[in-house]
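Working through the structure, step by step
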Amino acid sequence: MNLILFGAPGAGKGTQALELAKSYQIPHISTGEMFRQAMAKHTPMGDEAAKYINKGNLVPDDVTIGIVKERLSNPDCQNGFILDGFPRTTFQAESLEKILQESNKKIDYVIDIDVNQDALIQRLTGRRMCSKCGASYHIIHRPSKIEGVCDECGNELYIRKDDNLESVKTRLETYQKQTKPLIDFYKQRDCLVVIDGNQDIKKVFADIVSKLGDNK
Ligand code: ADP
Ligand code: ADP
Ligand code: ZN
């Protein structure tokens, strides 16, 4: 099953993607996480991406599409994948279609996790991330069992540089302008599923699974 998890920054894409990847045994591909790892290693691509990411702007399409194309060619994507945070522009969506067509694949579902604007700001400014496995926690909604430590892998939690109020506002504006129009793009392709992301994490997961059915 080839899935896209769609939604504004803070909608819960990463949280749901990790669980879906476990349940459906398909890889979770987060462009944001790939960029953060490259930034931590100070690769040339990471240093270039950091200029955009830390201010809350999108990384240029050519860089982003390049890393996704390479990742999708990995054998572990043969039986399906979950894209989280990609595509974010119409050009990226069109490029993804071409990349998949080359190997006779298509997207089965685009899961739009819909969350109110006020909740998004609160979620992003209270987020804590695991530097190793990419799990995300929230100081109020999803605290880790031990403060500052990942429940999944025991690694240290950190606050993302772009989760400050100023970058958050820029990211939400960028989402409205550049990414939200993709909802119509995927509606036209008849693969859009809208989920109420204002509910608790478990209920959101259950709603997604019920929409996907047994299409494993
Ligand atoms: P995204 O990947 O879409 O940016 P995350 O999955 O990182 O979003 O979630 C953003 C923040 O909101 C995290 O702190 C996460 O723990 C929290 N969160 C995720 N889903 C929910 C939910 N359904 N209710 C409350 N908080 C949530
Ligand atoms: P969130 O959904 O929580 O905002 P992500 O981890 O998906 O965060 O992305 C973090 C940042 O990485 C984005 O704000 C953007 O700068 C960059 N990024 C991630 N995915 C893309 C993409 N598809 N196109 C351009 N930039 C991206
Ligand atoms: Zn972890």
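Read on for an overview of the structure. Nothing here was measured: the structure is a model prediction, and the numbers come from that model. (Residues numbered from 1 in each chain as written. Chains lettered and ligands numbered in written order. Predicted model: local features only at pLDDT ≥ 70, side-chain atom pairs only at ≥ 80, totals over all residues. Heavy atoms only, no water.)

1. Thoughts on the coordination of the zinc ion (ligand 3)
Cys130 (SG), Cys133 (SG), Cys150 (SG) and Cys153 (SG) make up the full set of protein donors to the zinc ion (ligand 3), lying at 2.3 Å. One can describe the donor arrangement at the zinc ion (ligand 3) as tetrahedral, given that its 4 donor atoms subtend angles of 97 to 117 degrees at the metal. The motif formed by the donor residues of the zinc ion (ligand 3), counted along the single chain, is C-x2-C-x16-C-x2-C. With Cys133 in the loop between strand 5 (127–130) and strand 6 (136–138) and Cys153 in the loop between strand 6 and strand 7 (157–158), this residue pair connects regions lying 20 residues apart in the sequence. Assessed through its relative accessible area of 34%, Cys133 is described here as partly exposed. Its relative accessible area of 27% is what places Cys153 among the partly exposed residues. (Donors = N, O, S within 2.8 Å, 3.2 Å for Na, K, Ca; no water. Tetrahedral: all angles 85-135°; square planar, octahedral: opposite > 155°, others 65-115°. Helix = DSSP H or I, 4+ residues; strand = E, 2+ residues; numbered from the N terminus. Buried < 20%, exposed > 50% of the residue type's maximum accessible area, 1.4 Å probe, protein only.)

2. Considering the sheet that holds strand 4 (residues 109–114)
A sheet is described by the order of its strands in space; here 5 strands give the open sequence 2-3-1-4-8, paired in parallel fashion. Of all strands in the sheet, those bounded by a partner on one side alone are strand 2 (28–30) and strand 8 (192–196). Strand-to-strand, the axes of this sheet are offset by a mean angle of 20 degrees, without reference to chain direction. Taken together, the 4 bridges between strand 1 (residues 2–6) and strand 3 (residues 81–84) define a ladder with parallel strand orientation. Looking at strand 3, one finds that Leu5 is bridged to Asp84. (Pairing = 2+ DSSP bridges. Axes fitted to C-alpha atoms, helices over the stretch in contact; angles between N-to-C directions.)

3. A look at the packing of helix 2 (residues 31–41) against helix 4 (residues 61–72)
Any two packed helices are characterised by how steeply their axes cross, that is the angle between the axes, and by the distance between the axes. Contact geometry of helix 2 with helix 4 gives a least axis separation of 11 Å together with a crossing angle of 100 degrees. In terms of orientation, helix 2 lies roughly perpendicular with respect to helix 4. When helix 2 is examined against helix 4, the residues Thr31, Met34 and Phe35 are found in contact with a partner set consisting of Val63, Thr64, Ile67, Val68 and Arg71. (Parallel < 35°, antiparallel > 145°, perpendicular 65-115°, else oblique. Contact = heavy atoms within 4.5 Å.)

4. Comments concerning the sheet that holds strand 5
Strand pairing in a sheet relies on backbone hydrogen bonds, with the paired strands running either antiparallel or parallel. Taken together, 3 strands build an open sheet; the order of strands is 6-5-7 and the sheet is antiparallel. Two strands close off the open sheet at either side, each with one partner strand: strand 6 and strand 7. Sheet topology note: the strand 5/strand 7 ladder contains 2 bridges and is antiparallel. Residue Cys130 lies in a different strand from strand 7, and its bridge partner there is Leu157.

5. Quick look at helix 5 (residues 90–102)
Taking 1.5 Å per residue, 13 residues should reach 18 Å; helix 5 reaches 19 Å between its end C-alpha atoms and fits that length. Looking at helix 5, one finds that the buried residues are Gln92, Ala93, Ser95, Leu96, Ile99 and Leu100. One side of helix 5 carries all its buried residues, which in axial view fall inside an arc of 165 degrees. Looking at helix 5, the residues exposed on the side facing more than 90 degrees away from the buried face are Lys98, Gln101 and Glu102. Against strand 1, helix 4, strand 3 and helix 8 (182–188) lie the buried residues of helix 5. Asn104 occupies a position one or two residues after helix 5 and carries a positive phi of about 55 degrees. (Expected span 1.5 Å × (residues − 1). Arc of directions from axis to C-beta.)

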